[in-house]
Amino acid sequence: MAWELRHKLGQPELAEADFREAIAMAQTMKAKAWELRAAISLARLLQARGDPAAARNLLAPLYRWFIEGLDTPDLKDTKSLLDELGA
């Protein structure tokens, strides 16, 4: 993942900025699936940084927005990560 590379290069702030920008762009386009993918990546970065509450607060509302397709890989991944984060 891109954030892992930036993190290994000592640039976690740039990785976070990239994901926040991707989330904002997806919101502008009303592209919830893209927003979710960027949010999953950002949540993993936040979790790795030791901030599971921020990761949970980012993902939980997005996950609740979806009422269909809960068996898709992205939503399964989100549910798994939320369970891991204690949501």
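Residues numbered from 1 in each chain as written. Predicted model: local features only at pLDDT ≥ 70, side-chain atom pairs only at ≥ 80, totals over all residues. Heavy atoms only, no water.

Caption draft 1: Expanded view of the overall build of the protein chain. Along the protein chain, the regular secondary structure elements total five helices and zero strands. Secondary structure of the protein chain in N-to-C order comes out as α-α-α-α-α. A compact globule built from 87 residues should have a C-alpha radius of gyration of about 12 Å, and the protein chain, at 13 Å, falls within 12% of that. C-alpha extents for the protein chain along the principal axes are approximately 40 × 30 × 20 Å. (Helix = DSSP H or I, 4+ residues; strand = E, 2+ residues; numbered from the N terminus. Rg over C-alpha atoms; globule rule 2.2 N^0.38 Å.)

Caption draft 2: Representation of the pattern of salt bridges. Applying the stated criterion across every chain yields a total of six salt bridges. The partner of Arg-49 in a salt bridge is Glu-16, with the nearest N and O atoms 2.5 Å apart. Taken as a pair, Arg-49 in the loop between helix 3 (32-48) and helix 4 (52-65) and Glu-16 in helix 2 (residues 12-28) lie far apart in primary sequence, 33 residues in all. Overlapping salt bridges bring together Glu-16, Arg-20 and Arg-49 as one network. (Salt bridge = Lys/Arg side-chain N within 4 Å of Asp/Glu carboxyl O.)

Caption draft 3: The arrangement of the side chain of Glu-35 in detail. Along the polypeptide, Glu-35 turns up in helix 3. For Glu-35, a relative accessible area of 6% translates into the label buried. Setting aside anything within four residues of it in sequence, one finds Glu-35 in contact with Ile-23, Ala-26, Gln-27 and Leu-62. (Buried < 20%, exposed > 50% of the residue type's maximum accessible area, 1.4 Å probe, protein only. Contact = heavy atoms within 4.5 Å.)

Caption draft 4: Representation of the nonpolar core in the model. Leu-36, Leu-42, Leu-59 and Leu-81 are the most contacted members of the largest nonpolar core, which has 21 residues in total. At the level of secondary structure, the elements contributing two or more residues to this core comprise helix 2, helix 3, helix 4 and helix 5 (73-85). With eight residues, the single largest contributor to this core is helix 3. If sequence neighbours within four positions are ignored, Leu-36 has contacts with Leu-59, Leu-62, Phe-66, Asp-74, Leu-75 and Thr-78. (Core = buried A, V, L, I, M, F, W, Y, C linked by side-chain atoms within 4.5 Å.)

Caption draft 5: Inspection of helix 2 at higher detail. Given a rise of 1.5 Å per residue, 17 residues ought to cover 24 Å, and the 24 Å separating the end C-alpha atoms of helix 2 matches this to within 8%. Of all the positions in helix 2, only Ala-15, Glu-16, Phe-19, Ile-23 and Ala-26 are classed as buried. Down the axis of helix 2, the sector holding all buried residues measures 100°, keeping them to one side. Every exposed residue of helix 2 that faces more than 90 degrees away from the buried side is listed here: Glu-13 and Thr-28. Looking one or two residues past helix 2, Lys-30 carries a phi angle of roughly 55°, positive in sign. (Expected span 1.5 Å × (residues − 1). Arc of directions from axis to C-beta.)

Caption draft 6: A look at unusual backbone geometry. Non-glycine residue Lys-30 carries a positive phi angle of around 55°. Locating Lys-30 in the fold gives a position in the loop between helix 2 and helix 3.

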